[in-house]
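Tertiary structure, described
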Amino acid sequence: MSKDTRRSGSWQKLENLAQNPYDLCAGDALRADGRIGSMICRSAGLKLMYSTQRVTEQVVDAFQEFVDEHQLVDRFKGMKHGDVINRIVDWESEDRQVLHTSCRDLFSEYPAEPESARQARKEMDKLKSFLVQIGEGSLTGSSGKPFTTMINIGIGGSDLGPRSIYEALKVFCLPGREVKFIANVDPDDAAQVLSSIDLEQTLVNVVSKSGTTLETLTNEEIVKRAFVDEGLDPRQHFVAVTGIGSPMDNPAHYLRSFYMFDYIGGRYSVTSMVGCVMLGFAVGFDNLTEFLQGAHEMDRVAESTDVRENMPLLLAMLGIWNHNFLGYPSVAVLPYSQALHRFPAHLQQCDMESNGKSITTDGKAVQIKTGPVVWGEPGTNGQHAFYQLLHQGTEIVPVEFIGFQDCQYDRDIIVEQTTSQQKLVANLLAQAVALAAGREHQNPNRRFEGNRPSSIIMGNTLDPVTMGKLLSLYEAKIVYQGFSWNINSFDQEGVQLGKVLAMRFLALMRGDKND
């Protein structure tokens, strides 16, 4: 954050308010003044309940002042409309637009459709035709058998996001369809996947924007070798998702090529062809469209100027309050849904690669803490693992709980007069209250100090539309926090040095004398 922003009136007002944060343990603090009912943000069918945060209405008013003073919503709209914001002023940088939202702008009506939306629509039309051919059996593998399995080869944003969405929506897979993922350059990762599939019925989706990602190309060669060893023609089984003109944009090697564009960063690329090719194969085009529709709905919410109605913006400001003003260094995302078991891993990359920065957009050292450490696992499993630290540890960890009223499979039963889903939701609510209110006890080992903040994001059920909303919610939250800290959330220079040094070690392993 620049020095001027830190010295802004709204920032200093928040600093003053943070000297006396709301005491969640005082008397009947959680129920005072209708707190539980008033501190709910409803957006696009989701609810964000934040009465268990250490904020008052006065603090939320100060959030609004900060948002307005620093024109955060205007900057978000500018991003969506094509402003070049992936840049560092006066220094060499990527110097690009940031238009991941254009991938779901298929649902908007424009007087004159932007080029990014036209490109997204063209790729979606290509994908729809491709999926129809697979579904009707006119496109098969080299031995004539239909495709039932896809291997997705990618790493980072080409793996974590797509994998988390697939795991979340497995229940919606078309009959007989499944997806396997290979990311790690560890050869055991590829070997394990290859040992469990029928190559004759397998389609391989290789994802790399540059077409030069070392881990991805290495795994691609391992998988190609397996096809050749089985007497199968890889070209009839492999498709590419890559940039136009990249080394992978080669019809001699791939059955089809789908394009991603340089204005979409890897960790924001799930709704581009990076995720859509895999997801369309797995759950079908109609469910894919619903997923994109959900993301679009939350994109629209993120344009609201009212912080109390703009769920991504409110979630972002609550995170800034906890991190910058109350001094908490990490945040745990804890989904009470087994289907979301890989979603925290995706958010780790999306958040920490975006906002793990120490330079402002004008190339100066930041004067305040930027992105927190993000981590998490599903509940209720976590309650029997790391929740001990959450409740009684010396580190206070703010929590973002995610839950749903209904389960996905509709195969629940009543045990001791309640369903498993009711038990799941009851545990979620209980954890939020326990963290906030704590408990006094004569035995110090059984005392819970409380005042440990959390929010609850609640939906009806985890379906494609809701998953799209959740993805967009967190993408926009991350963007808004980056704007607030005046950093570039869209490059990732921090991963480059290790890559350079790894190439030098590989040169030594090859015996190159000049390296």
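Residues numbered from 1 in each chain as written. Predicted model: local features only at pLDDT ≥ 70, side-chain atom pairs only at ≥ 80, totals over all residues. Heavy atoms only, no water.

1. Regarding the packing of aromatic side chains
In the structure shown here, the tally under the stated rule is 15 aromatic pairs. Consider the rings of Phe227 and Phe238, whose centres lie 5.4 Å apart with planes at 70 degrees: the pair is edge-to-face. Residue Phe227 is found in helix α9 (residues 214–229), and its partner Phe238 is found in strand β8 (residues 238–242); the two are separated by 11 residues along the sequence. A residue is classified by how much of its surface remains accessible, and Phe238, at 0% relative accessible area, is buried. For the ring pair Tyr268 and Phe490, a centre distance of 5.7 Å and an interplane angle of 45 degrees mean the geometry is tilted. Linking Tyr268 in the loop between β9 (256–259) and α10 (273–283) with Phe490 in the loop between α16 (464–485) and α17 (496–510), this pair joins segments that are 222 residues apart in sequence. (Phe/Tyr/Trp six-rings, centres within 6.5 Å; stacked < 30°, edge-to-face > 60°. Helix = DSSP H or I, 4+ residues; strand = E, 2+ residues; numbered from the N terminus. Buried < 20%, exposed > 50% of the residue type's maximum accessible area, 1.4 Å probe, protein only.)

2. Things to note about the sheet that holds β8
Here 5 strands make up an open sheet; going across it, the order is β6-β5-β7-β8-β9 and the pairing parallel. Edge strands, defined here as strands with exactly one partner in the open sheet, are β6 (178–182) and β9. The average undirected angle you get between the axes of adjacent strands in this sheet is 20 degrees. Against the sheet, helix α6 (residues 115–136) makes contact with β7 (202–207), β8 and β9, and its axis sits at roughly 150 degrees relative to β9, the strand it touches most. (Pairing = 2+ DSSP bridges. Axes fitted to C-alpha atoms, helices over the stretch in contact; angles between N-to-C directions. Contact = heavy atoms within 4.5 Å.)

3. Overview of the packing of helix α2 (residues 9–17) against helix α12 (residues 311–325)
Contact geometry of α2 with α12 gives a least axis separation of 11 Å together with a crossing angle of 70 degrees. By the angle between their directions, the pair α2 and α12 is classed as roughly perpendicular. Relative to α12, α2 is oriented so that their crossing is right-handed. Residue-level inspection shows Trp11, Leu14, Glu15 and Leu17 of α2 in contact with α12, the latter providing Ile320, Trp321, Asn324 and Phe325. Here the residues of the contact of α2 with α12 sort into 6 nonpolar, 1 polar and 1 charged. (Parallel < 35°, antiparallel > 145°, perpendicular 65-115°, else oblique. Left-handed = near helix turned anticlockwise from the far one by under 90°. Nonpolar A, V, L, I, M, F, W, Y, C, P; charged D, E, K, R; others polar.)

4. Structural notes on α2
Ser10, Trp11, Leu14 and Leu17 are the residues of α2 that are buried. Each buried residue of α2 sits inside an arc of 120 degrees when the element is viewed along its axis, so together they form one side. (Arc of directions from axis to C-beta.)

5. Here's the deal with the side chain of Ser51
Following the sequence through the fold, Ser51 ends up in the loop between β2 (46–49) and α4 (57–69). Aside from chain neighbours lying at most four places away, what touches Ser51 is Leu24, Leu30, Arg35, Ile36 and Met39.

6. Details of the pattern of salt bridges
In total, this model carries 22 salt bridges according to the counting rule given. Lys170 is the partner of Glu167 in a salt bridge, and the nearest nitrogen-oxygen pair spans 3.5 Å. In this structure, Glu353 engages Arg267 in a salt bridge whose closest nitrogen and oxygen atoms are separated by 3.0 Å. With Glu353 in helix α13 (residues 343–355) and Arg267 in the loop between β9 and α10, the pair connects residues that are 86 residues apart, well separated along the chain. Both residues of the pair, Glu353 and Arg267, count as buried. Beyond isolated ion pairs, a larger network of salt bridges with shared partners links Glu57, Asp61 and Arg308. (Salt bridge = Lys/Arg side-chain N within 4 Å of Asp/Glu carboxyl O.)

7. Things to note about the sheet that holds strand β1 (residues 40–43)
Spatial strand order, β1-β2-β15-β12-β10-β11: 6 strands in an open sheet with mixed pairing. Every interior strand has two partners, whereas the edge strands, β1 and β11 (373–375), have only one. When strand polarity is set aside, the average angle formed by the axes of neighbouring strands in this sheet is 15 degrees. The pairing of β2 with strand β15 (residues 454–459) spans 3 bridges and is antiparallel. What sits directly across from Lys47, in β15, is Met458.

8. Remarks on the environment of Asp95
The residue Asp95 is located in the loop between β3 (84–86) and β4 (96–97) in this model. Not counting residues up to four positions away in its chain, the partners in contact with Asp95 are Val84, Asn86 and Arg87. A polar contact is formed between the side chain of Asp95 and the side chain of Arg87, at a distance of 3.5 Å. (Polar contact = N/O pair within 3.5 Å; in protein donor to acceptor, adjacent residues only side chain to side chain.)

9. Here we look at the nonpolar core
Counting residues in each nonpolar core, the largest one holds 103 residues, and the members touching the most others are Phe63, Phe130, Trp321, Met467 and Leu470. For this core, the element with the highest residue contribution is α16, accounting for 11 residues. (Core = buried A, V, L, I, M, F, W, Y, C linked by side-chain atoms within 4.5 Å.)

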